[in-house]
Amino acid sequence: PKLLQYVVKVLVQAVQLLYTMLRMEQPSYILLQNPPGLPAIAVAWLACVFWGSKLIIDWHNYGHTLMGLRHGRSHPLVQMAKWYEKHVGRLADYNLCVTNAMREDLRVNYGIRAVTLYDKPASCFKETPLESQHLLFLKLAKDYEVFRPCTEPVCPGAEGSAFTQVDQKTGRVLKPGGRPALLISSTSWTDDEDFSVLLKALEAYEQDIEAGVELPSLVCVITGKGPLKDYYNGLIHKLDLKHIRICTPWLEAEDYPLLLGSADLGVCLHKSSSGLDLPMKVVDMFGCCLPVCAIYFECLHELVKHNENGLIFQDWNELAEQLKMLFLGFPTRQGKLHSFRENLRASKELRWDESWDQTVLPLFEQNE
């Protein structure tokens, strides 16, 4: 039975994890990210008791709200997981969380005091130089047709991609005026992201082009892998699009930040299961100075500033209007898309290591 399977799985994981942790060299601190916290929080606490260490929980979301997406929030397993997080989570010596909204929820509903540590991009997330973009597009074109040029190059033997070409006289990499716009999204293909919203918006965008609106063709790249990928690929294959090409690759780790730094616009469809965490994909996009259209949920404003570094939408119709507004006259017209990118360049937010030093190290120093 499913319930018995789950109980046995948790017990086996608890024994394996505790055995591994007790064989480690004695740590001063054990830092645990939640979720997943069942059984990790209890096991990490036991290891801390054994070692005389301090336990730090980094609350990125609530595990029971993720379980609720599949089973429903009233399911006994979900209620048990909620009780576990609430009571066992109080055993930590220190708590970090990813939004001020979550910090307040932990204080009010869990009796836990936490420090907000916003996710920040790693140093590899930055704008990609044009020459590196060209090499990346040529590499990806070997496996994915959407990165190949739509027409034959003017000069035989000249290397080009859908977005870049080399000037035969100067050898410089250029972006041709009639190129398509590069739209990127990333996902784990799970229940908390409804990609039918994007697909409907793209269909509306296609209709605008057919109606004569001055819009570029689009290449839409959706990266990642997960349980719903085959389902959405099936929907994509049924679309009848002439001006939009969609690709769902799994990228090498070093190529992902390069592609983000080469794109024209990012789209985020992450809806927090708790309404209290923020999408890391948007953090990485902002590190690359890539403007974003993101679907609304309660605390998204702590990351995406509407009409400043991106746009927030409620449904596919609103997203379609935003795509139309942002890409009108692309790439010659410097409108909202350009101003959003300039605002991101000017913001110069902290990187991950700098944020850690400012927020977390004082906790350690206080304990010392």
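Remember, it's a predicted structure, so these values are computed and weren't measured experimentally.

Observations concerning the packing of aromatic side chains
Then comes step 1: Using the criterion set out here, one finds 15 aromatic pairs in the structure.
Then comes step 2: Taking the centre distance of 6.0 Å and the plane angle of 20° together, the rings of Phe137 and Phe147 count as stacked. On the criterion of sequence distance, the pair formed by Phe137 in helix α6 (residues 130–141) and Phe147 in the loop between α6 and β5 (165–166) is long-range, its members being 10 residues apart.
Then comes step 3: Phe137 sits in the buried class, given a relative accessible area of 1%.
Then comes step 4: Accessibility expressed as a relative area gives 1% for Phe147, which makes it buried.
Then comes step 5: Pairwise contacts between aromatic rings join Trp189, Phe195, Tyr231 and Tyr232 into one cluster.

Some points on the environment of Pro129
Then comes step 1: On the secondary structure map, Pro129 appears in the loop between β4 (115–116) and α6.
Then comes step 2: With 116 residues separating them in the primary sequence, Pro129 and Gln13 have C-alpha atoms 45 Å apart.

Comments concerning the sheet that holds strand β9 (residues 244–247)
Then comes step 1: Taken in spatial order, the six strands of this open sheet run β9-β8-β7-β10-β11-β12, and their pairing is parallel. Each having just a single partner strand, β9 and β12 (310–313) make up the two edges of the open sheet. On average, adjacent strands in this sheet sit at an angle of 20° to one another, irrespective of strand direction.
Then comes step 2: One ladder, built from four bridges, connects strand β11 (residues 292–295) with β12; its direction is parallel. Bridging across to β12, Cys293 finds its partner in Leu311.

Side note on unusual backbone geometry
Then comes step 1: Following Asn34, the chain continues into Pro35 via a peptide bond in cis, with omega recorded as -5°.
Then comes step 2: Position of Pro35 among the secondary structure elements: in the loop between β1 (29–34) and α2 (40–51).
Then comes step 3: Residues Phe330 and Pro331 are joined by a peptide bond in cis, for which omega reads 0°.
Then comes step 4: Positionally, Pro331 belongs in the loop between α11 (316–327) and α12 (336–347).
Then comes step 5: Within the chain, Cys289 stands out as a residue other than glycine whose phi angle is a positive 55°.

Analysis parameters
- Residues numbered from 1 in each chain as written.
- Predicted model: local features only at pLDDT ≥ 70, side-chain atom pairs only at ≥ 80, totals over all residues.
- Heavy atoms only, no water.
- Phe/Tyr/Trp six-rings, centres within 6.5 Å; stacked < 30°, edge-to-face > 60°.
- Helix = DSSP H or I, 4+ residues; strand = E, 2+ residues; numbered from the N terminus.
- Buried < 20%, exposed > 50% of the residue type's maximum accessible area, 1.4 Å probe, protein only.
- Pairing = 2+ DSSP bridges.
- Axes fitted to C-alpha atoms, helices over the stretch in contact; angles between N-to-C directions.

In short, the description is geometric, and any link to function would need to be established separately.
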